[in-house]
Structure formats: C-alpha cells, structure tokens
Amino acid sequence: MRREHARRILAEARTIGVVRTDHLGDMVLTLPLVRALRQEFPSATIVLIAHSRTAPLAEWAPGVDRCYFVDQIPFERVLRHERFDALFFPRARADEAWQAWCARVPLRVGTRYRWWSPLYSVRIPDHRHTAEYHEAEYNVRMLEYITGKRYRVELLRPRIPESVCAEVSAILAGAGVEEPFLVLHPGGRGSAPRWENFPALAQMLAQRHPEVRIAVTGTVSEVRLCAAVAEAVPSAVNLCGRLQLSQLIAVLDRAAVVVANSTGVLHIAAALGRAVVGLFPAEPPAQSPARWRPLGERVIVLASSPIDAIPPQSVAHAVGALLAG
C-alpha cells in the first residue's frame, strides 16, 4: 500500500488500534505512539489491545478510549467486536498479523523484516536490533513513516486513582515508611541481565543517607533477590510480593529515587517523573541503553559489559547526586 493511501485511511479513521501484548516496559514505551496518534487524530477512537499484566498502565493512560486484554478476550474476538480502520503492531507477531489480515482491517502497520510481513499493508523499514533509535522512538516512527511528520517522543504519566493512593498510604504507614524513601528493585523479567550487587549498594546507601529509608520491591518469583537486599540492611522495608501492580505504581510515584535493572519498573518510574538510576549491559545493542534507557530529565544510566562490572560505589554516587537534586 502506498503511503498516500495509508494517510487517507488514517485521516478518515474512526477507530485506530495499537496492539502491544507483551510486558510492562514495552507498554510504557509504546504509549508515546498513543500520544502521537491522539495529537494527530483527536476525533478518532484510540483502542489499546494488551495483556492484563499491564492493565493499570493501559487503563490509566491518557488518550486511550478503550482497552482489551487478549488473555481475557482473544484478539480474534476483539476484531469481530470493533471495526478497526487501522491497527499498529509495534511488536511483530505472526498470529496477530494473520488475524488482522483475515479481519480485513484496511490499514495494518508493522515491520518489513519478518517472513509474515506481507500480511501488513504498510511495512516499516526499521531494524530494531541495531538500536539506531530508542524503543519509544521506533514506536512513534511507525506513524511518522506514514504521515511524514515528526512527533515529540514523550512518556505518558499514568493517572493513579485516589483509591489506590489511599491503599498505598496505608501500606507504607503500616510498614513504617515515611518520605523520603528510596526504592531498590533488584529483579527483572530476564530479557536483560541483572546486576547482582544490590545488597552492597543497600549497605552503602544506608551508611551515606541514614535519613532516607530503603524499600525493596519485586515479584513473588524474586523473593530471594529481595531478601538478600533486605538482610544486608536491617532497617530496609521488604515489600517484595506484597504489592499489586497498581499499588507498586503508586509506591514508585512517591519514591525519591528508584534504582533498577533494565526492566518495566524503571520505565514506569521514569514515566511518573521520578529520579531513576538504570543499570544496563553495554552490549549487545539490542539490550543496551541506546534502545532501552529510561526517558526523563532526572535520569542517570550506568552501563557495562558484563553488567556486574558496574561498581556499587558508582551507583551510590548517582543516587546521592539525584537526592541532592
């Protein structure tokens, strides 16, 4: 399909969908595309198709009119329920592309470099593994390729409901956590390596900033990682496995600084405008800060290969600089 034809479809579109059915960080970095679509087509209905593990991010995102979660309603049923004029696929998946093609969605935007790419009607000539652009830029470039315009790449701050803020106030008060506090998040989904020196970092931070409490966060599967950090500093509060995602987002929103590996929590904190220290491998490019660094004004990124070559002293110094603000 020629780009002129794609532009006409978008200009007249009533319903535009963005399909991103993987994980937290991916969703945070896809939402700038939603911002750009809303800016360019203010009258269109914007629908986000996601997985329920990212539900708060999807449901609290400004500019999203409706959400569907494919683990609750299969994508094929969503396509029968909604009459999409256009669908954007920031992550290439053969089954999703096939279902959209079968549903005869007029405009289907995806990558050029998969064996199933002919199922897309507009194919974007970007190789993401080269990390020539940031992941959020790659997502926004899907629209730029069609319209020929440039859009500001900016994260969307989640709109946290007051009820969730009240829940988190009670949780923090019950744990004896007062502001200011730091969040250390030693885990991660596993797509990038983890930095193993969080216990040493926690000890340094407790010595240098005794007035700032340390809170440790993680999922149930990361209990051992979090316990090692909490045991290194007896005054630390271990919230691992105790928070729903909605509550974790509200906790991050109150943190003075968040330290995390290359994982979704880091990007959520950045979207909330918090000060963050991100720990990354320098290589390969597909995992490096070039593609996955957190976006924001109060961001410090430390990278090395191997990742454990990042000294705890350097991370503690970065946290101190952000606390000094």
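Because the structure is a prediction, the values reported are computed rather than measured.

Opposite charge on two side chains allows them to pair when their charged atoms are near. Applying the stated criterion across every chain yields a total of 17 salt bridges. Between Asp-65 and Arg-38 there is a salt bridge whose closest N-O contact spans 2.6 Å. Separated by 27 residues along the polypeptide, Asp-65 in the loop between helix 3 (55-59) and strand 3 (66-69) and Arg-38 in helix 2 (residues 24-40) bring together distant segments of the chain. Between Lys-149 and Glu-40 there is a salt bridge, with the nearest N and O atoms lying 2.7 Å from each other. Of the two residues, Lys-149 is situated in the loop between helix 6 (135-147) and helix 7 (162-174) and Glu-40 in helix 2; the sequence distance between them amounts to 109 residues. A relative accessible area of 41% places Lys-149 in the partly exposed class. A single network of salt bridges, built from pairs that share partners, joins Arg-20, Asp-22, Asp-26, Arg-91, Arg-128, Glu-135 and Arg-291.

Another aspect to go through is helix 10 (residues 245-252). Structurally, the α-helix is built with 3.6 residues per turn, so residues lying three or four positions apart point the same way. Buried residues dominate helix 10, accounting for eight of its eight residues. All of the buried residues along helix 10 are Leu-245, Ser-246, Gln-247, Leu-248, Ile-249, Ala-250, Val-251 and Leu-252. Close packing links the buried residues of helix 10 with helix 2, helix 3, helix 7, strand 7 (181-185), strand 10 (257-261) and helix 11 (264-271).

Here we come to the sheet that holds strand 12 (residues 299-303). Two strands in a sheet stick together by hydrogen bonds in their backbones, pointing the same way (parallel) or opposite ways (antiparallel). Spatial ordering of the open sheet is given by 9-8-7-10-11-12, a layout of six strands whose pairing is parallel. The sheet is open, and its two borders are formed by strand 9 (237-238) and strand 12, each paired with just one other strand. As judged from the five bridges shared by strand 11 (residues 275-280) and strand 12, these two strands associate in the parallel manner. What sits directly across from Val-276, in strand 12, is Val-299.

This paragraph deals with the environment of Ala-271. Here Ala-271 shows up in helix 11. Measuring from C-alpha to C-alpha, the distance between Ala-271 and Ile-249 comes to 10 Å, with 22 residues separating the pair along the chain. Leaving out residues up to four positions away in the same chain, Ala-271 has contacts with Val-28, Leu-155, Leu-156, Arg-157 and Pro-158.

Moving on, we get to the pairing of strand 1 (residues 15-19). Both faces of the sheet carry side chains from a regular strand, because those side chains alternate between them. Counting buried residues in strand 1 gives five out of five residues, a clear majority hidden from the surface. In strand 1, alternate side chains face the same way, and those of Thr-15, Gly-17 and Val-19 on one face and Ile-16 and Val-18 on the other are all buried. Direction of pairing for strand 1 relative to strand 2 (residues 45-50): parallel, over a ladder of five bridges. Residue pairing across strands places Val-19 opposite Ile-49, the latter belonging to strand 2. Taken together, strand 1, helix 2 and strand 2 constitute a β-α-β crossover, and its handedness is right-handed. Bridge count between strand 1 and strand 4 (residues 86-88): three bridges; the pairing is parallel. The residue bridging Ile-16 from the neighbouring strand is Ala-86, located in strand 4.

This next bit is on the nonpolar core. Counting residues in each nonpolar core, the largest one holds 73 residues, and the members touching the most others are Leu-10, Ile-16, Leu-37, Phe-88, Leu-107 and Leu-143. If you tally residues by element for this core, the top one is helix 2, at eight residues. Leaving out residues up to four positions away in the same chain, Leu-37 has contacts with Ile-16, Val-18, Ile-46, Phe-88 and Leu-143. Membership of the second largest hydrophobic core comes to 31 residues, among which are Ala-202, Ala-275, Val-315 and Ala-316.

Thresholds, definitions, all that
- Throughout this document, residue positions are counted from 1 along each chain, in the order its sequence is written.
- Local features in this predicted model are restricted to residues whose pLDDT is 70 or higher, and side-chain atom pairs enter the listing and the counts only when it is 80 or higher, whereas totals over whole chains, interfaces and linings include all residues.
- Calculation of side-chain values draws on the structure's entire complement of heavy atoms; hydrogens and water are dropped beforehand.
- We define a salt bridge as a side-chain nitrogen of Lys or Arg found within 4 Å of a carboxyl oxygen belonging to Asp or Glu.
- For the purposes of this entry, the term helix denotes a DSSP run of H or I that reaches at least four residues, the term strand denotes a run of E that reaches at least two, and both are numbered from the N terminus.
- Under the scheme applied here, a residue whose accessible area is under 20% of the maximum for its type counts as buried, over 50% as exposed, and between as partly exposed, the area being computed with a 1.4 Å probe on protein chains only.
- Throughout, a residue-residue contact means that at least one pair of heavy atoms, one from each residue, lies within 4.5 Å.
- Strands were regarded as paired on the criterion that DSSP finds at least two bridges between them.
- A clockwise course of the path from the first strand over the helix to the second, judged with the strands pointing away from the viewer, identifies a crossover as right-handed.
- Definition used in this section: a nonpolar core is a set of buried Ala, Val, Leu, Ile, Met, Phe, Trp, Tyr and Cys residues joined via side-chain atoms within 4.5 Å.

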